[in-house]
Amino acid sequence: MATTIVLLRRRDLRLHDNPALYYAAKKGEVLPVFVLDDTTTDQQSSAQNWWLYRSLEQFTTNFKAIGGELIIRRGDTRTIILELIKQTSAQAVFWNRCYEPTVYIKDQQLAKQLDQMGMVMQTFESQLLLSPWKTKKADGMPYKVFTSFYKNLQKQEIHRPLPALSSISMARVDVLSLPMAELDLLPTSNWTKKLERHWDVREQAALDKLQQFTERSLIHYKDERDYPAVARHSALSPYLATGLLSARTVYYHVLECDIYGEAFLRQLAWREFSWHVLFHFPESLHQPLNEKFSSFRWDNDKTLLDLWKKGKTGYPLVDAGMRELWETGFMHNRVRMLAASFLTKHLLIHWEKGADWFFDTLVDADLANNTMGWQWAAGTGADAAPYFRVFNPVLQGKKFDEEGEYVKRWVPELKLLPAKYIHEPHKAPENVLRAAHITIGKDYPAPIVDHKAARTRALGRYDEVKKK
DNA sequence: AGAAAATTTTT
DNA sequence: AAAATTTTC
């Protein structure tokens, strides 16, 4: 009799380079079960829940084509897995590892219990290029500095991606599977309708995008990735975040495409670094990695936070970014850094509030990248931008969106304003504003804080903790 | 992976 | 006087 293997699925809804799926299919008859575990969710992401719903839909179809059928369940992972083992007399459990701190801990407890029961249990790396413990400093400690982490990573052997699975033999058992609607992944509001227009949530779309990115943009990536109006970014992050695309597949595809892709692979390495740091310092989810900042005095003004969320700060590049996020579930990385710097430094709002908003609205919501990114921007991280680096939203605009193309795309009320004034509309002469059909304070807000004053104030707050 | 101010160099 | 470079926060 063939071995029955329970295959626990989470954010790995793909057929290519999927080790747990690949080896389970090779070794026995498989019972693949997708578990939505409400008990271990660190943070909820509305945008990503929508993405996950679509991922499940497409995977179910792809999986059927190779003879598979996905069981869908919701609840406590351990309870569900143990119940399935009992029902099916399965002898083995396989899964691809997840590294969200609470998920990882619960997975380990499950692993221990399965081991005690005498079950065959195997876990695999599928999310990262290298598991978080594979990179260590000479003294055995985890890294806190990106560049040295990156050097280590470059020296290591990274697994080649596995081929896409082409057939699977299912365990012939009859177990309960929920209809997808019962996962409550789609929000009650119709906000996500907008997202449908911008994203193609299919495994094949991810692979096609990767191909297109390397063909069209990779060669320009190093020089042009910082210009949000020029779409040179890969836009692969949501596919990576939910596991529709394998990082190893991306890595080897870029390495083997005859274009020098170091600048891009470096960004992929930041993702590795984020998960490395989160894995070894899980408290960084809520605590500043640089302890000095635990006593930092934040203002946390609710009104200002709301204006920031709505993209009504009076700084066009910040507002454009916040509106791109609301419309598409995505924001260009250069603008993410600016918006984050603005919230934490100009508005003195705790980075966690910003992180929560980003996480909820980003289709690429990634717990480690998001947390690391916000701590970096706030200057509270270990390898962060020094706190005194305060982005000037006007200068950032002039530098990275000189013609205001990006601003005009997302802040249409400024469409008629000449490029000269696009990053500081309130400074445009009366007649220019009139010609552009803009009344400051009515059609577009005046800056909610003065840059110079806010900068000085932020540096003052920094001085308070610096002394300690 | 900043910005502003101070200083030096070039017109 | 303006531009380029260095220093400081």
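Parameters and conventions
- Residues numbered from 1 in each chain as written.
- Chains lettered and ligands numbered in written order.
- Predicted model: local features only at pLDDT ≥ 70, side-chain atom pairs only at ≥ 80, totals over all residues.
- Heavy atoms only, no water.
- Pairing = 2+ DSSP bridges.
- Helix = DSSP H or I, 4+ residues; strand = E, 2+ residues; numbered from the N terminus.
- Right-handed = clockwise from strand over helix to strand, strands pointing away.
- Near = heavy atom within 4 Å.
- Polar contact = N/O pair within 3.5 Å; in protein donor to acceptor, adjacent residues only side chain to side chain.
- Nonpolar A, V, L, I, M, F, W, Y, C, P; charged D, E, K, R; others polar.
- Contact = heavy atoms within 4.5 Å.
- Core = buried A, V, L, I, M, F, W, Y, C linked by side-chain atoms within 4.5 Å.
- Buried < 20%, exposed > 50% of the residue type's maximum accessible area, 1.4 Å probe, protein only.
- Phe/Tyr/Trp six-rings, centres within 6.5 Å; stacked < 30°, edge-to-face > 60°.
- Lys NZ or Arg CZ within 6 Å of the ring centre and 35° of its normal.
- Domains from an automatic or database assignment.
- Buried area = accessible area lost by both parts, 1.4 Å probe.
- Salt bridge = Lys/Arg side-chain N within 4 Å of Asp/Glu carboxyl O.
- Expected span 1.5 Å × (residues − 1).

## Concerning the pairing of strand 5 (residues 120-124)
Item 1. Strand direction decides the pairing type here: strand 4 (residues 92-96) and strand 5, joined by five bridges, are parallel. In the strand pairing of strand 5, Trp95 is matched with Thr123.
Item 2. On the question of chirality, the crossover connecting strand 4 to the parallel strand 5 by way of helix 4 (residues 101-116) is right-handed.

## Let's talk about the protein's contact with DNA strand B
Item 1. As a structural note, the neighbourhood of DNA strand B is formed by 15 residues, with Trp270, Val390, Phe391, Asn392 and Gln396 the closest of them.
Item 2. Backbone atoms, meaning sugar plus phosphate, form 67% of the atoms of DNA strand B positioned within 4 Å of the protein.
Item 3. In the model, a base nitrogen of DNA strand B is placed 3.2 Å from a nitrogen or oxygen of the Phe388 main chain.
Item 4. Of all the secondary structure elements, the ones that give two or more residues to the surface near DNA strand B are helix 10 (262-280), helix 16 (393-400) and helix 19 (451-466).
Item 5. Among the elements that take part in the surface near DNA strand B, helix 19 stands out by supplying three residues, more than any other.
Item 6. Within the surface near DNA strand B, the residues separate by chemical class into seven nonpolar, four polar and four charged.

## Considerations on the environment of Leu210
Item 1. Along the chain, Leu210 turns up in helix 7 (residues 203-224).
Item 2. For Leu210 and Phe293, which are 83 residues apart along the polypeptide, the C-alpha to C-alpha distance reads 39 Å.
Item 3. Excluding its chain neighbours within four sequence positions, the residues that come into contact with Leu210 are Leu236, Thr249, Val250 and His253.

## Some points on the nonpolar core
Across soluble globular proteins, you tend to see nonpolar side chains buried next to one another.
Item 1. Ranked by internal contacts, the top residues of the largest apolar core, which has 73 residues, are Leu56, Trp199, Val250 and Phe264.
Item 2. By residue number, the principal contributor to this core is helix 2 (residues 46-65), which donates eight residues.
Item 3. Dropping the residues within four chain positions of it, Phe264 is found in contact with Phe213, Leu218, Tyr221, Ser234, Leu236, Val250 and Val254.
Item 4. If you look at the next biggest cluster of nonpolar residues, it comprises 64 residues, including Leu305, Met337, Trp351 and Phe358.

## Structural notes on the packing of aromatic side chains
Item 1. In the structure shown here, the tally under the stated rule is 38 aromatic pairs.
Item 2. Ring centres 5.9 Å apart and planes at 85° place the aromatic pair Tyr143 and Phe149 in the edge-to-face group. No difference in accessibility class separates Tyr143 from Phe149, as the two residues are buried.
Item 3. Ring geometry for Trp308 versus Phe358: centroids 5.9 Å apart, planes at 10°, classification stacked. Linking Trp308 in helix 11 (residues 302-310) with Phe358 in helix 14 (residues 351-361), this pair joins segments that are 50 residues apart in sequence.
Item 4. What links up through ring pairs into an aromatic cluster is the set Tyr143, Phe146, Phe149, Tyr150, Trp270 and Phe273.
Item 5. Seen from the ring of Phe281, Lys144 lies directly overhead, with NZ or CZ sitting 4.8 Å from the centre.
Item 6. The ring of Phe330 has Arg336 sitting right over it, with the charged end atom 5.1 Å from the ring centre.

## Brief notes about the domain arrangement of chain A
Item 1. In terms of domain boundaries, chain A breaks down into domain 1 (4-126), domain 2 (128-160 + 203-280) and domain 3 (291-467).
Item 2. Distance between the C-alpha centres of domain 1 and domain 3: 39 Å.
Item 3. Taken together, the eleven residues of domain 1 in the interface contact ten residues of domain 3.
Item 4. With both chains or domains summed, domain 1 and domain 3 bury close to 810 Å², and 52% of this area falls on carbon and sulfur atoms.
Item 5. Scanning the region where domain 1 abuts domain 3 turns up zero salt bridges.

## Things to note about helix 2
Item 1. For helix 2, which comprises 20 residues, the first-to-last C-alpha distance of 29 Å matches the rise-based estimate of 28 Å (1.5 Å per residue) to within 8%.
Item 2. Among the residues trailing helix 2, Gly67 stands out with phi positive, at a value near 90°.

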